[in-house]
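# Understanding the architecture of this molecule
Residue strings, one per chain:
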Amino acid sequence: MRIGELAEAVGVTTRTVRHYHHLGLLPEPERRANGYRDYTLRHAVVLARIRRLTELGLGLAEVRDVLADDAGKDLAEVLTELDEDLARQEAAIGERRARLRALLDADGLPAEGPVSPELAALFADIPASGSPMAAKDREVLALLDSAAPPEVRERLLTALSGTLGSPDAVARAREAYALLDRLADADPDDPRVEEAARSLVAWIPRETLPEAAIDHDSSFLRALYADFAPAQAEVLRRVLRILAGDGEAR
C-alpha cells in the first residue's frame, strides 16, 4: 500500500501518518525501487491501534509507552491512569457547572461578574450606576473576590455584609459615595476630605482591614490611590489610618 491508501484504510490523513513517522510511533517502511514507500498490513494494524488509543484520550507520549516493546507501563496501567484523570476532570467540570448554575439562578448578573454568590448578594446593596465612586468600589471588591486569600476574602465579605445589613447602613454608604463623587475635582486639602473620611469611618468595620499592619507604600495601595482623584485618594489614606489606629486623620 502507498501512504494515501494506508491513511484511507485506517481513517486518518497522510499528514497524520507522516507525523507519527516523525515521532517514531509508526515505523517507516522500506522504499521500493520506484522511490515509493510500501506499507504492509502490519503498518495498518499499528496505525489503527494508535488511532484507537488517541481516541480514548491518551497523549502521544503515553501511546509510545504502550507500543514500545520495553514499555515501563502496560496498557491496563495506562488506561487506569487515564480513567482516574478523566474522573478528576469530570468532577472539576461538575463544580464549574454548579457555579455557573448558581450565577444563572441569581436575580441578576452584576456587570463586574462573574463574582462569588456572596459578593453578588453584597452588590445588591451597592448602587451599580449613578455613582462613579460606587462603581470603582465594586471593581475593587470584584478584584479582591478573585485575588485575595480565602480567609481574607471571607472576613471581608462577612464584615461588609453585616455592615450593609440594614436600610440605614445602605443609606449611609450611598451618602459616603456621594461625598467622594463630589471630590472628583477637589484638592487634597479641601475641608470636605475630612468630612468624607469621617463619614466612611462611621460605617466601615475594622474587620475589613488586614490583620497585618498596613503598608501605605505597598504596590497595591499605590496602584489603588493612583486610580482615584487626588482628594479621593487622600480620603482613603485618612480612612485607613484611622481604622488601623495609626492616629487621627491628618
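Up top you'll find the structure we're talking about.
These remarks concern the structure in this document. Model, not experiment: these values are computed from the prediction. (Residues numbered from 1 in each chain as written. Predicted model: local features only at pLDDT ≥ 70, side-chain atom pairs only at ≥ 80, totals over all residues. Heavy atoms only, no water.)

## Some words on the pattern of salt bridges
Considering all chains together, one arrives at 12 salt bridges under this definition. In this structure, the salt-bridge partner of Arg238 is Glu234, at a minimum N-O distance of 3.0 Å. Within this pair, Arg238 and its partner Glu234 are both found in helix α12 (residues 230–243), separated by 4 residues, close to a single helical turn. For Arg238, a relative accessible area of 12% corresponds to the buried category. Taken together, the shared-partner salt bridges connect Glu194, Arg198, Glu234, Arg237 and Arg238 into one network. (Salt bridge = Lys/Arg side-chain N within 4 Å of Asp/Glu carboxyl O. Helix = DSSP H or I, 4+ residues; strand = E, 2+ residues; numbered from the N terminus. Buried < 20%, exposed > 50% of the residue type's maximum accessible area, 1.4 Å probe, protein only.)

## Digging into the environment of Glu55
For Glu55, the location among the structural elements is in helix α3 (residues 41–55). A relative accessible area of 55% means that Glu55 is categorised as exposed. Polar side-chain contacts of Glu55 include one of 2.8 Å to the side chain of Arg51. (Polar contact = N/O pair within 3.5 Å; in protein donor to acceptor, adjacent residues only side chain to side chain.)

## Observations concerning α12
If you check α12, its first and last C-alpha atoms are 20 Å apart, about what 14 residues at 1.5 Å a residue would give, namely 20 Å. In terms of burial, α12 is largely enclosed, as 12 of its 14 residues are buried. The complete set of buried residues in α12 reads Ala231, Gln232, Ala233, Glu234, Val235, Leu236, Arg238, Val239, Leu240, Arg241, Ile242 and Leu243. On its buried face, α12 is in contact with α7 (132–147), α9 (167–181), α10 (191–203) and α11 (219–226). Gly245, located one to two residues past α12, shows a positive phi value of around 75 degrees. (Expected span 1.5 Å × (residues − 1). Contact = heavy atoms within 4.5 Å.)

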